[in-house]
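Given next are the chains, with one letter for each unit.
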Amino acid sequence: QVQLVESGGGLVQAGGSLRLSCAASGRTFSIYSVNWFRQAAGDERDFVAAISWSGDRSAYSDSVKGRFTVSRDNAKNAVYLQMNSLKPEDTAVYYCAASSDWLSTLPERYSGWGRGTQVTVSS
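Everything quoted here is computed from the prediction, not taken from an experiment.

Asks: Could you give an account of the overall build of the protein, with specific residues and numbers?
Replies: Helix and strand counts for the protein stand at 0 helices and 11 strands. Listing each helix as α and each strand as β along the protein from the N terminus yields β-β-β-β-β-β-β-β-β-β-β. Expected size for 123 residues packed as a compact globule is a radius of gyration near 14 Å; at 13 Å, the protein falls within 12% of this value. Counting only C-alpha atoms, the protein reaches 40 × 30 × 25 Å along its principal axes. Taking all 123 residues of the protein together, 41% fall into the buried category. Look at the contacts in the protein between residues 6 or more apart in sequence, and 56% of them connect residues 24 or more apart. A total accessible area of about 6,500 Å² is found for the protein, and carbon and sulfur atoms account for 46% of it. Taking the 12 positively charged and 11 negatively charged side chains of the protein as two groups, their mean positions are separated by 7 Å.

Asks: Kindly report on unusual backbone geometry, identifying the contributing residues and their values.
Replies: With phi around 50°, asparagine 77 is a residue other than glycine that occupies positive phi space. By the element assignment, asparagine 77 lies in the loop between β7 (68-73) and β8 (78-83). Residue class for asparagine 77 comes out partly exposed when judged on its relative accessible area of 28%. Even without being a glycine, serine 85 presents a positive backbone phi close to 50°.

Asks: Break down the state of the cysteines for me, with residues and values.
Replies: Across all of its chains, the model carries 1 disulfide by this definition. At a sulfur-sulfur separation of 2.1 Å, the disulfide partner of cysteine 22 is cysteine 96. What sets the handedness of the cysteine 22 and cysteine 96 disulfide is the S-S torsion sign, and at about 85° it is right-handed. On the criterion of sequence distance, the pair formed by cysteine 22 in strand β3 (residues 18-26) and cysteine 96 in strand β9 (residues 92-99) is long-range, its members being 74 residues apart. By relative accessible area, cysteine 22 is classed as buried at 2%. Since its relative accessible area comes to 0%, cysteine 96 is described here as buried.

Parameters at a glance
- Residues numbered from 1 in each chain as written.
- Predicted model: local features only at pLDDT ≥ 70, side-chain atom pairs only at ≥ 80, totals over all residues.
- Heavy atoms only, no water.
- Helix = DSSP H or I, 4+ residues; strand = E, 2+ residues; numbered from the N terminus.
- Rg over C-alpha atoms; globule rule 2.2 N^0.38 Å.
- Buried < 20%, exposed > 50% of the residue type's maximum accessible area, 1.4 Å probe, protein only.
- Contact = heavy atoms within 4.5 Å.
- Areas by Shrake-Rupley, 256 points an atom, 1.4 Å probe, with all protein chains shown as cover.
- Lys, Arg positive; Asp, Glu negative; His and termini not counted.
- Charge placed at Lys NZ, Arg CZ, Asp CG, Glu CD.
- Disulfide = S-S within 2.5 Å.

Below, the structure is given as structure tokens:
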């Protein structure tokens, strides 16, 4: 019912910045939150950040807090992840997914997964 498309990844040097975009389409009225996850090669998929569709709340993992900022654009149905002070350990495929609730630990509560965008931070 909802589709999300990630973009903006690339290769960046340690200490640099990137801004990822997540464009939503379909039944966006059903979205309560948009969530960013990442998965490094050979590792599990980890939570990165979340923002409510209304923009009234946000959340970050401890590993990115203070470096990453999540925001939304009402007119474009888009969510952004501004990534500053990037570290090699930030290298991963970044995904966004929609949820009807807030910070659920249940995989079935997330939908509309995009194909991901690769972020590579050189050391």
